[in-house]
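# A look at the structure
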Amino acid sequence: MPTDPVCGMAVDERSAELTLVRENRTYYFCSTSCLEEFSAPERQLARLRWRLAVAWPLSIVILLLTYAFHLPGWPYLAFALATAVQFYPGLQFYRGTWDAFQSRLWNMDVLIAVGTTVAYGYSSVVVWFPGHLPAEYYFDASAFIVTLILTGNYLEHLTRERSRGALRELQQLLPTTARVLRDGTEVEVPVSEVRAGELFRVRPGARVPADGRIREGRSTLVEALLTGEGLPVERGPGDRVLAGTINGDGLLTVEATQVGQDTLLAQVGQLVTEAELSRVPLKQLADRIAAVFVPVVLALAVAASVAWFLVGAGLTVTLLVFVSVAITACPCAFGIATPAALVVGTGRAAEEGILFKGRDSLERASQIDLVLTDKTGTLTRGKPTLTDVLPVPGESADHLLALAAGLESGSGHPLARAVVEEARRRKVAPLPFTQMEEVPGQGVEGRLGEKRFRLLRAGTPPEGSGSLGPLSGERARLEGLGRTGSVLFDGDRPLGLLGFADEIAPGVAEAVQALERDGLRVVMATGDHEAAALAVARAAGIPEVHAGLTPSEKMDLLRRLQKEGHQVAYVGDGINDAPALAAADLGIAIGAGTDVAKEAGGVVLMRSDFRGVALALRTGRRTVAKVRGNLTWALGYNAVLLPIAAGALVPVFGLGIYNVLPITGALAMGVSSTTVVLNSLSLRFLSLSR
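Residues numbered from 1 in each chain as written. Predicted model: local features only at pLDDT ≥ 70, side-chain atom pairs only at ≥ 80, totals over all residues. Heavy atoms only, no water.

## A few points about the overall build of the protein chain
- Helix and strand content of the protein chain: 23 helices and 24 strands.
- A burial count over the protein chain gives 53% of its 690 residues as buried.
- A sequence separation of at least 24 residues applies to 69% of the contacts in the protein chain between residues at least 6 apart.
- Total accessible area computed for the protein chain in this model is approximately 28900 Å², and 57% of it derives from carbon and sulfur atoms. (Helix = DSSP H or I, 4+ residues; strand = E, 2+ residues; numbered from the N terminus. Buried < 20%, exposed > 50% of the residue type's maximum accessible area, 1.4 Å probe, protein only. Contact = heavy atoms within 4.5 Å. Areas by Shrake-Rupley, 256 points an atom, 1.4 Å probe, with all protein chains shown as cover.)

See below:
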């Protein structure tokens, strides 16, 4: 059964009439006020301010009339003021009750409307029909209950809006209009009307309205919030640009490739929203409690009031017992216990470029006890440089580099990019290979004329490829330096050796220490040779290393660790690690860049920063812990205060306690919901240092 995204109450989608479709998702609401708060939070906040501006002064005057200044005819004045509070600020509770009856569901508005109406109605009868009932007035109770609950709603609304800061910041990145070229003319249109394939212009200082590729112009773009790149990035013809990024000082003409909900910005927003609606442990129990809570409380209120009437407590006490039980109960504390923590936790993670995918990724992140990580592009910068080009005698370095660049020109592997970049730097033209094929975990091969060439990457055994001959000593020397070597073969004859160096990424050692402080074991699994792997492991502080593994051997290691009872998170760069990311208990794709929705795994790190791994797992644990704490608080609050409202303290304080219980109950109910939200809001301060 879906839940109201605002208050968390369960809603039957078969009978629900209050719905909203946003970004191809249907949301269900228990009341009009929840729908309005979700669809137009600023407008709803303004309404709350107006209602409180009326409710507080009138309630204070009623209180003074009741207990301090008994002016002539004061009950009639109190009636008039209480009527204004009951049916202007308190109107939303009647609307919510009507919505509940229409949808055949119970919500918190029912309890408030019934409780305040009983107190207000009894007092009104006493005013207009004196002598029929004991002359007791409870206008102060009905007015202050409405006022205090609205105040709690207002505080809850403010804290909830603060928790949604990350998603709102993303949504505000997109401009409202775009300058599209149609029939050779530049036309300004709403950004929603931009179509894929159209050309649009981005002026200096403007935001990019859609994902696309530059056709004309050159400029720098600020992509910090989306990709984590702090400095402006140089972009020119053929380069990709992202919606929401800020253009520098150049004029760009861009062809739109992804628009609307297909842009990276929209994908990120969708993942944040999905994470907010995740299900975590105890959520089903909370939903079941919230669904039956209101009728159970009403039954308890009736039973308690009837019981006190039967023992001779009198009609006024019976009335106050009913009002106290109905007003003290707080079903919203159950309803918002999970979404409040999820909204804050996932929003905080999104600020750091951490996106949780799927409805159970947070729960799985909270259960991880072992992190299995790749090396290249994960623990290292992922941008290795080609440091050595070592041909065999009789072969030239430029020819060796031309062959290697031709083979690697179609590969996305970090080592392949290093080869192509070095060839471009040396102005060496890649040779035109055909029938090129990338062999996962080994390298690439292709044909040049009638010859077959292979470039075998680090960790690939040379068996079947002939002896390395004079390259054996050079390979050992490179490995001793912690560098990675790739060997180029003409058939089975080695032609030369390429050496690569890749620095450890910033923050890796800090992240490993944070993981170990949190009680997690960190293991490296890499296809690189042992010397290079150990060099990185020593710098990162990782005690356990498995080197020279093929993709299938990585999978075998992953399954073995799982069979030992570990909950394993696998961290990879998403290029060659898709099987392991999918098979792990939690896959973490690091440096996802621009295809976050397509990445395998339950967590996507948009930035190539290993500290995001530690923060993502800590977010999962802390968020689930907050959910558990919120539910414990909600259960404890109702378990303690409902018996008190029903009369548990009467033997100690006497029946006079009911002179304050209705107002005290309303205050406690508001404090309960606000406490849940404030407890969740503490997740905003989550970091690796705390």
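## Things to note about the packing of helix 14 (residues 397–408) against helix 15 (residues 414–425)
- Running from N to C, helix 14 and helix 15 point in directions that differ by 130°, and their axes come no closer than 9 Å. On the basis of the axis angle, helix 14 is oblique to helix 15. The interaxial crossing formed by helix 14 with helix 15 has left-handed handedness. Together, L401, A404, A405 and E408 of helix 14 and A416, V419, V420, E422 and A423 of helix 15 make up the contact between the two elements.
- For the contact of helix 14 with helix 15, a count of residues per class yields seven nonpolar, no polar and two charged. (Axes fitted to C-alpha atoms, helices over the stretch in contact; angles between N-to-C directions. Parallel < 35°, antiparallel > 145°, perpendicular 65-115°, else oblique. Left-handed = near helix turned anticlockwise from the far one by under 90°. Nonpolar A, V, L, I, M, F, W, Y, C, P; charged D, E, K, R; others polar.)

## A closer look at the sheet that holds strand 10 (residues 246–247)
- An order of 8-7-10 is seen for the three strands of this open sheet, with the pairing classed as antiparallel. The open sheet has two edge strands with one neighbour each: strand 8 (233–235) and strand 10.
- Across three bridges, strand 7 (residues 219–222) lies against strand 8 in antiparallel orientation. Bridge assignment links T220 to a residue of strand 8, and that residue is E234. (Pairing = 2+ DSSP bridges.)

## Focus: the packing of helix 5 (residues 108–128) against helix 11 (residues 315–328)
- In contact at an axis separation of 8 Å, helix 5 and helix 11 are set at 155° when each is read in the N-to-C sense. In terms of orientation, helix 5 and helix 11 fall into the roughly antiparallel class. In the crossing of helix 5 with helix 11, the sense of the turn from one axis to the other is left-handed. Across from L111, I112, V114, G115, T116, V118, A119 and Y122 in helix 5, the residues of helix 11 making contact are L315, T316, L319, F322, V323, A326 and I327.
- Broken down by class, the residue content of the contact of helix 5 with helix 11 amounts to 12 nonpolar, three polar and no charged.

## Topic: the pairing of strand 3 (residues 177–182)
- The sheet contact formed by strand 3 and strand 4 (residues 185–190) spans six bridges and is antiparallel. In the strand pairing of strand 4, R179 is matched with E188.
- Here strand 3 hands over to strand 4 after two residues, with D183 in that stretch at a positive phi of 55°.
- Sheet topology note: the strand 3/strand 5 (residues 199–202) ladder contains three bridges and is antiparallel. Note on strand 5: the bridge partner recorded for V180 is F200.

## Observations concerning the pattern of salt bridges
- Evaluated as defined, the whole model comprises 30 salt bridges.
- With a closest N to O distance of 3.1 Å, R195 and E198 form a salt bridge.
- Owing to a relative accessible area of 49%, R195 belongs among the partly exposed residues under this scheme.
- One salt bridge connects D609 with R611, and the closest N-O pair in it is separated by 3.0 Å.
- D609 gets classed as partly exposed once you look at its relative accessible area, which sits at 25%. (Salt bridge = Lys/Arg side-chain N within 4 Å of Asp/Glu carboxyl O.)

## Notes on the side chain of S361
- As for its placement among the helices and strands, S361 is situated in helix 13 (residues 361–367).
- If we skip the residues at most four places from it in the chain, S361 touches F356, L586 and G602.

## Let's talk about the nonpolar core
- Within the largest apolar cluster, 63 residues are counted, with the highest numbers of intra-cluster contacts made by F93, Y138, F139, V297, V325 and Y658.
- Residues contacting F93, with those up to four places away along its chain left out, are D109, I112, A113, V146, I149, L150 and N153.
- Core analysis: the second largest hydrophobic core is formed by 38 residues, A349, F356, V571 and V613 among them. (Core = buried A, V, L, I, M, F, W, Y, C linked by side-chain atoms within 4.5 Å.)

## Focus on helix 14
- Taking 1.5 Å per residue, 12 residues should reach 16 Å; helix 14 reaches 16 Å between its end C-alpha atoms and fits that length.
- The element helix 14 is largely enclosed, with a buried count of nine among its 12 residues.
- Taken as a whole, helix 14 has its buried residues at L400, L401, A402, L403, A404, A405, G406, L407 and E408. (Expected span 1.5 Å × (residues − 1).)

## Re the confidence of the model for the protein chain
- Confidence in the prediction for the protein chain averages 83 pLDDT; 86% of positions are at 70 or higher.
- A low-confidence stretch, residues 462–466 stays under pLDDT 50, and its non-local contacts, those more than four residues away or across chains, total seven contacts. (pLDDT = per-residue confidence, 0-100.)

## A closer look at a nonpolar patch on the surface
- Nonpolar side chains collect at one region of the surface, where W56, I60, L64, F69 and L71 lie side by side and expose about 460 Å² of accessible area between them.
- Relative to the helices and strands, L71 is located in the loop between helix 2 (41–67) and helix 3 (74–87). (Patch = residues over 30% accessible without salt bridge, like charges linked within 9 Å, V, L, I, M, F, W, Y side chains within 5 Å.)

## Some words on helix 4 (residues 91–103)
- Counted at 1.5 Å a residue, the expected span for helix 4 with its 13 residues is 18 Å, and the 19 Å between its end C-alpha atoms agrees.
- R104, located one to two residues past helix 4, shows a positive phi value of around 55°.

## So, the pairing of strand 13 (residues 370–373)
- By the alternation rule, side chains of strand 13 split into L370 and L372 and V371 and T373, which are all buried.
- Judged from the four bridges that link them, strand 13 and strand 20 (residues 521–525) form a sheet pairing that is parallel. Within the sheet, the bridge partner assigned to L372 lies in strand 20 and is V523.

## Considering the sheet that holds strand 13
- Taken in spatial order, the seven strands line up as 12-24-23-22-13-20-21 in an open sheet, and their pairing is mixed. What marks the edges here is a single partner per strand, and that holds for strand 12 (354–356) and strand 21 (544–546). Ignoring which end each strand starts from, the neighbouring axes of this sheet average 20° apart.
- Of the strand pairs in this sheet, strand 12 and strand 24 (residues 603–605) are connected by three bridges, and their pairing is antiparallel. Bridge assignment links F356 to a residue of strand 24, and that residue is V603.

## Focus on the environment of L105
- Along the chain, the position of L105 falls in the loop between helix 4 and helix 5.
- For L105, a relative accessible area of 17% translates into the label buried.
- Sequence separation of L105 and V292 is 187 residues, and the distance between their C-alpha atoms is 9.2 Å.

## With respect to the environment of R179
- On the secondary structure map, R179 appears in strand 3.
- Note on R179: relative accessible area 26%, which makes it partly exposed.
- Ignoring any residue separated from it by four or fewer positions in sequence, one finds R179 in contact with E186, V187, E188, L199, F200, R201 and R203.
- For R179, the side chain forms a polar contact with the side chain of E186, separated by 3.4 Å. (Polar contact = N/O pair within 3.5 Å; in protein donor to acceptor, adjacent residues only side chain to side chain.)

## Some words on the packing of aromatic side chains
- The tally for this structure, following the rule as stated, stands at 11 aromatic pairs.
- What links up through ring pairs into an aromatic cluster is the set Y76, F79, F87, Y94, Y120, W128 and F139.
- Stacked on the ring of F489, the Lys or Arg R454 has its end atom at 5.8 Å from the ring centre. (Phe/Tyr/Trp six-rings, centres within 6.5 Å; stacked < 30°, edge-to-face > 60°. Lys NZ or Arg CZ within 6 Å of the ring centre and 35° of its normal.)

## Focus on unusual backbone geometry
- Not every positive phi belongs to a glycine, and D183 is a case in point at roughly 55°.
- Relative to the helices and strands, D183 is located in the loop between strand 3 and strand 4.
- In this structure, K427 takes a positive phi of about 60° despite not being glycine.
- Relative to the helices and strands, K427 resides in the loop between helix 15 and strand 15 (434–439).

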